[in-house]
Amino acid sequence: MTETLQLDALGDLQRTQYCGDLRLAHAGEQAVLMGWVQRRRDLGALLFLDLRDRAGLCQVVINREANPELHARASHLRSEYVIAVSGQVVRRDPSTLNPNIGTGEVELIAQRLYVLNDARTPPFLLDADPVAAEETRLKYRYVDLRRPEMQRNLRLRHEVAAAVRRYFDGNGFLEIETPFMTRSTPEGARDYLVPSRVQPGTFYALPQSPQLFKQILMIGGCDRYFQIVRCFRDEDLRADRQPEFTQIDVEMSFPTMESIFAMVEGMLVAAFAAGGYRITTPFPRLTWEAAMMAYGSDKPDLRLPAMVDVSSAFAPEELEQLKLRADLPLFAIRIPQVGDLSRRERDELRPLVAERPVRLFEDFSRLAKAFPTTAARVQERSGAEAGDLLVLVGAPLEDGKAAGDARRQRLALCGHAGALRLALGQRFAERHGRLDPKDFRLLWVTSFPMFEWDAEGQRWSAAHHPFTSPLDEDLGRLVSDPGAVKAKAYDIVLNGTELGSGSIRIHQTEVQAAIFRQLGMSDAEARQRFGFFLEALQYGTPPHGGIALGLDRLVMILAGHTSIREVIPFPKTARAVDLMVEAPTEVSAVQLRDLGLQVRKPS
Ligand code: ASP
């Protein structure tokens, strides 16, 4: 074991700056650095250390001849030892400049060196590329967090959160905390439950969002609320989902949709600026209906052209000849600058729709030979230029009796076409170069359907959550045609990702009761689940509305990553396990007894 020192033993030797900031020091200046040894290179007469701290790396030089005792001590150093070193900052010789590190023009000539702690051989090399498997990184997160990239991510996250706080503070919002131990909230996922010891057999639920609390804060006269808050949802995990995640949660009294949009746009300008990017406002808007028709998705990626319904370019007999339904759209999907496809490349497009009940025309030139005039019209309407890939997708005639009503069939077709558009966009991304992750294309999607048909439960469910206000003009058809009712709900979307969603809320008790009924909830059940809220609504509720945005996703995108785990300091795996602390765990028999619980293991 290496002899290590307590910091006190260093006397008045205090750190003067971060290693990564050494470039700011003047040549000739004395400096004291403390950090981790990333690498040691022993060239005999000279020994080099790459020393690292949260600001970056710098080079420390130890000269054997000038300082043999120090050289001997440094020879024992290994990766991730923690040291303090003092010395003189010098400019590097031009032949030894290192453009790969921020401090590559200077180095520290060591005069004193102290080992503050040794370290076991790290489970992976911090500067390896690619870095270790994710499980290893998560298990040894404290080592992983030392990597400059992770340090950058944490800093960015901090800066975005700080900018958001400053922005809301400047606009008269109060950050108000809401409970974590509460009762089931309405976001539609499974709850995480916390058993009560004091009242055995009862449970708190961790909030899926502060939805009802923020609405109650409006009833409570708080007027403008925000919170950067953890939410908990027990659902199947994906790259951009975690059992606990962070929302920027917002609620305003007496808002219009416009005032909420303007407020959120301002916040996003501030957040992007914190990440070093300028975005312009106002963001474009699309109704949900228009988004589905043009992009086949309620979170359109605007970096690629919209789809165009070219059905009317075809004569009815042409559609029949092509075995296409005339009552549903025929979408032209254009992917720019893909160039000519080989026969094989065209054949490889078929599997993209293999499981989908659509008819695909992937060889536009063949179509153009058969129907030259129509094809020219299609080309014109879709805006296709030479070199663009143009494919058509429609509904096959033989599926005339497909499941669902006309509205649902139409939507399903939009969805299939939209998925194909994205798949083609991805497949040829290198050729068209339009999927630049830093080309931030934000938009609002508005007027979502109020209800979704839950085929499994054979009932309507709330598309957003049941506190969302229907459009005033749709109130009359709540019962007669629920599928057509649109909501004052909106999503903020960025490059195919939903960044956040919100709505103007219901603030009248009767409307709220009618929505619960429409969702198949008896008055008794509504009272049992949300009685406290229904009661609160009766005590003078101002019109109110708000939104919640995913902070993890936002930071992930600003950091240029594709997994939110990269921007969460201690994330869980896809199986909801924390590999570092090894949670979840079994608990002791005593704890279970105190809680009045008995565990039945799944067989
Ligand atoms: N509570 C909602 C959610 O978490 C957002 C909102 O309506 O404000 O999705």
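Right above here is the structure, for reference.
Within each chain, residues carry numbers counting from 1 in the order of the written sequence. It should be noted that, the model being predicted, local features are given only for residues of pLDDT at least 70 and side-chain atom pairs only at 80 or more, the latter also being counted only at that level, while totals for whole chains, interfaces and linings use all residues. To obtain the side-chain values, all non-hydrogen atoms of the structure were used and water was disregarded.

### Quick look at the nonpolar core
Test applied: Only buried Ala, Val, Leu, Ile, Met, Phe, Trp, Tyr and Cys residues count toward a nonpolar core, and they belong to the same one when joined by side-chain atoms within 4.5 Å. Relative accessibility under 20% of the residue-type maximum defines a buried residue, over 50% an exposed one, and the middle range a partly exposed one, all with a 1.4 Å probe and only protein chains included. We count a stretch as a helix when DSSP gives it H or I for four or more residues in a row; a strand needs E for two or more, and each element gets its number in order from the N terminus. Pairs of residues are marked as contacts when any of their non-hydrogen atoms sit within 4.5 Å.
Residues Phe168 and Leu268 are the most contacted members of the largest nonpolar core, which totals 41 residues. In terms of residues, this core owes the most to one element, helix H6 (residues 257–274), which gives eight residues. Setting aside its immediate chain neighbours within four residues, Leu268 contacts Ile279, Phe283, Leu442, Ile492, Leu499, Leu549 and Leu554.

### Focus: the site of the ligand
Test applied: Proximity is defined per residue: if any heavy atom of the residue lies within 4 Å of a molecule or strand, that residue is considered near it. Each polar contact in these results corresponds to two N or O atoms within 3.5 Å; when the atoms are within protein, one needs to be able to donate a hydrogen and the other to accept it, and residues that are neighboring in sequence are counted only if both atoms are side-chain atoms. Shrake-Rupley sampling with a 1.4 Å probe provides the accessible areas, and residues are treated as covered by the protein chains on show and by no other component.
For the ligand, the set of nearby residues contains 13 residues, the closest of which are Glu187, Gln211, Lys214, Gln247 and Arg505. Take Gln211: an N or O atom from its side chain is 2.6 Å from a nitrogen atom of the ligand. His464 has a polar side-chain atom sitting 2.9 Å from an oxygen atom of the ligand. Summarising the interface, the protein chains cover 95% of the accessible area of the ligand, which totals 280 Å² for the free molecule. Looking at the shell around the ligand, the elements with two or more residues in it are helix H5 (211–219), strand E20 (497–504) and strand E21 (544–550).

### Overview of the environment of Asp594
Summarising the element assignment, Asp594 is placed in helix H17 (residues 589–595). Exposure remark for Asp594: the relative accessible area of 38% places this residue in the partly exposed category. Separated by 394 residues in sequence, Asp594 and Pro200 have C-alpha atoms that sit 8.3 Å apart.

### Focus on the packing of aromatic side chains
This is how the line gets drawn: Stacked, tilted and edge-to-face are the three classes applied to pairs of Phe, Tyr and Trp rings, where Trp contributes its six-membered ring and a pair requires centres within 6.5 Å; stacked means planes under 30 degrees apart, edge-to-face means over 60, and tilted covers the rest.
Under the defined criterion, the tally for this structure stands at 17 aromatic pairs. Centre to centre, the rings of Phe272 and Phe440 are 4.9 Å apart; their planes meet at 75°, and the pair counts as edge-to-face. Remark: Phe440 occurs in the loop between helix H13 (429–432) and strand E16 (442–446) and Phe272 occurs in helix H6; sequence separation between them is 168 residues. Across the pair, Phe440 and Phe272 agree in class, each one buried. Plain terms: the ring middles of Trp453 and Trp460 are 5.1 Å apart, the flat faces sit at 70° to each other, and that makes the pair edge-to-face.

### Quick notes on helix H4 (residues 148–170)
Rule in force here: Given a helix with a known number of residues, its expected span is that number minus one, times 1.5 Å.
Over its 23 residues, H4 runs 32 Å from end to end, which matches the ideal 33 Å to within 8%, given 1.5 Å per residue. By the burial criterion, the buried members of H4 are Met150, Asn153, Leu156, Arg157, Val160, Ala161, Ala162, Ala163, Val164, Tyr167 and Phe168. Each element contacted by the buried residues of H4 is listed here: helix H2 (134–139), helix H3 (141–144), strand E9 (224–232), strand E10 (244–253), H6 and helix H16 (551–559). Immediately downstream of H4, the backbone of Gly172 shows phi near 80°, a positive value.

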